[in-house]
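Spelled out, the chains give:
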2 protein chains.
Amino acid sequence: MISLAAADLEADDVVRAAIELLNEEGFDAVSMRRVAARLGVSPVPLYSRVGNKDDLLDAVADRLLADLVPAELGHAHWADCVGQWARALHERLRSVPDSRLVLRTRRWAFVDASRPLIDALRAGGFTEPEAVRACRLVMWSVIGFVTVESASLAERRGGHRSPSVPGGDPAGVDQADADALFEQQLRYLIAGLTADHPTDLSKFGI
Amino acid sequence: MISLAAADLEADDVVRAAIELLNEEGFDAVSMRRVAARLGVSPVPLYSRVGNKDDLLDAVADRLLADLVPAELGHAHWADCVGQWARALHERLRSVPDSRLVLRTRRWAFVDASRPLIDALRAGGFTEPEAVRACRLVMWSVIGFVTVESASLAERRGGHRSPSVPGGDPAGVDQADADALFEQQLRYLIAGLTADHPTDLSKFGI
DNA sequence: ACCTGAACACCGTTCAAGT
DNA sequence: ACCTGAACACCGTTCAAGT
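Bear in mind the structure is a predicted one, so any value in this text is a computation, not a measurement. (Residues numbered from 1 in each chain as written. Chains lettered and ligands numbered in written order. Predicted model: local features only at pLDDT ≥ 70, side-chain atom pairs only at ≥ 80, totals over all residues. Heavy atoms only, no water.)

**Student:** Talk me through the protein's contact with DNA strand D; I want residue IDs and the actual numbers.
**Tutor:** Taken together, 17 residues sit near DNA strand D, with Arg49(A), Met32(B), Arg33(B), Tyr47(B) and Lys53(B) positioned nearest. In DNA strand D, atoms within 4 Å of the protein come from the sugar-phosphate backbone in 49% of cases. Arg49(A) is positioned such that a nitrogen or oxygen atom in its side chain is 2.8 Å from a phosphate oxygen of DNA strand D. A distance of 3.0 Å separates a phosphate oxygen of DNA strand D from a polar backbone atom of Lys53(B). Counting residues per element, the ones that place at least two in the surface near DNA strand D are α3 (44-50) of chain A together with α2 (32-38) and α3 (44-50) of chain B. Of the residues contributing to the surface near DNA strand D, the split by class is nine nonpolar, three polar and five charged. (Near = heavy atom within 4 Å. Polar contact = N/O pair within 3.5 Å; in protein donor to acceptor, adjacent residues only side chain to side chain. Helix = DSSP H or I, 4+ residues; strand = E, 2+ residues; numbered from the N terminus. Nonpolar A, V, L, I, M, F, W, Y, C, P; charged D, E, K, R; others polar.)

Listed below in structure tokens is the structure:
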């Protein structure tokens, strides 16, 4: 709070103010004008710091999704690493205050996040392209899951209660349903990868 | 073109005009004012026809995603029905001009779409709750896939070429990669459901 | 009743002074 | 150079006349 001045404004401050606004008042409250006001500055200087609004939102997404997953996955079996990695990514993406930011996340953030899993898969006997494909499959599944999950839970909170379709409503889910669904999907993916992967049979003396 | 008058305006006309605008100029061009202008009307009467902008977008999504899948899936083995249904849904969702509308689709549209698959699963020996869970799993996977796919392909079209990470970029995919990924995911889901489902062994005289 | 024009309270972005 | 106030071209939504 030493500098109430306006001249020494960093791109970092702008992104931070935007994130504060996001957390306090939601995605739609993040506007160039309101971010500027929060910084006690006119909107103009923001444009020289962060580009335009689109760029600012990209920067917010980059910040919120840096260090997506722990850099190390230990030395468990690759299948366990997949599970661990997918759950960590799921947890992390779910913590983002608005799923519209998840879809904005730029490629490189996911490339970074992929590295530990790809290492684990390579250690498990996957070739590089096999590891990349497997990682991509799991990553897309997790990201897709999070977006559907948040849209689904958001609709549930919104008004119109459906009259509880007998037999279960395929889309009306609560948090527990969603968690179970995630685990089931993950189990199937791991089983599929295991079936496709030439298991290291030498361990069993074959 | 008989009635250039403004009084007899139906909700249907508003939704249709919004869809035309969407197709011609994209999601961001759809505004209450521009839809009204296209109808030769002030913005005011729109509010009595379709509610507010949010409601209008919901109505657009409902219209674009009515009849999501063919009502009949034939009498193939349930596993083939899952594949057929998932591919039809994928194709259909991909044809929506903006994936932001896919996430707006209301529950009931998906409930409708679920019916033929649930019937096929029941015919294949699934109990009602099992069928609902299986359908939900596949549906979430497909919807999630489409949203990630469209974000991913959109980013590719946008500016910054990445310097082609050696070993393959886990997120930088083209249409062929995406299609292969979809088929792989679908294959794993079907295999997983098959493994979990108590196969009708009586057919084999067991 | 139901429309229109005008208004209100916002946007993103840029221009023209000001220091 | 780099800020601010004002402006421009839009929004969604509502109000106050008008017919």
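Next comes the rest of the description.
**Student:** An account of the UniProt feature "domain: HTH tetR-type" (unreviewed entry) in chain A is needed here, citing residue identities and associated values.
**Tutor:** Summarizing the sequence annotation, UniProt attributes the feature "domain: HTH tetR-type" (unreviewed entry) to residues 8-68 of chain A in the numbering used throughout. Along residues 8-68 of chain A the backbone is 67% helical and 0% strand, and the end-to-end C-alpha distance reaches 31 Å. (UniProt positions renumbered as here; feature names shortened; annotations may be inferred.)

**Student:** Lay out the packing of aromatic side chains in plain terms, naming residues and giving numbers.
**Tutor:** Inspection of the entire model under this criterion finds six aromatic pairs over all chains. Here the aromatic rings of Trp78(A) and Phe126(A) are separated by 4.8 Å at their centres, their planes lie at 75°, and the arrangement is edge-to-face. Separated by 48 residues along the polypeptide, Trp78(A) in helix α5 (residues 78-94) and Phe126(A) in the loop between α7 (107-123) and α8 (128-157) bring together distant segments of the chain. Across this residue pair, the class does not change: Trp78(A) and Phe126(A) are buried. Relative to Phe182(B), the ring of Phe145(B) has its centre 5.2 Å away and its plane inclined at 70°; by these criteria the two rings are edge-to-face. (Phe/Tyr/Trp six-rings, centres within 6.5 Å; stacked < 30°, edge-to-face > 60°. Buried < 20%, exposed > 50% of the residue type's maximum accessible area, 1.4 Å probe, protein only.)

**Student:** Pulling in residues and values, what's your account of the domain arrangement of chain A?
**Tutor:** All names here are of chain A. The domains assigned to chain A are domain 1 (6-63) and domain 2 (70-204). Counting residues at the interface gives 11 residues for domain 1, matched by eight residues for domain 2. Around 950 Å² of area is buried between domain 1 and domain 2 when both sides are counted, 55% of it from carbon and sulfur atoms. Counting across the interface, domain 1 meets domain 2 through four salt bridges. The partner of Arg106 in a salt bridge is Asp62, and the shortest N-O contact between them spans 2.6 Å. If you look at where domain 1 meets domain 2, you find three residue pairs in polar contact (both at pLDDT 80 or more). For the side of domain 1 that touches domain 2, the secondary-structure elements that each account for two or more residues are α1 (11-25) and α4 (53-64). (Domains from an automatic or database assignment. Contact = heavy atoms within 4.5 Å. Buried area = accessible area lost by both parts, 1.4 Å probe. Salt bridge = Lys/Arg side-chain N within 4 Å of Asp/Glu carboxyl O.)

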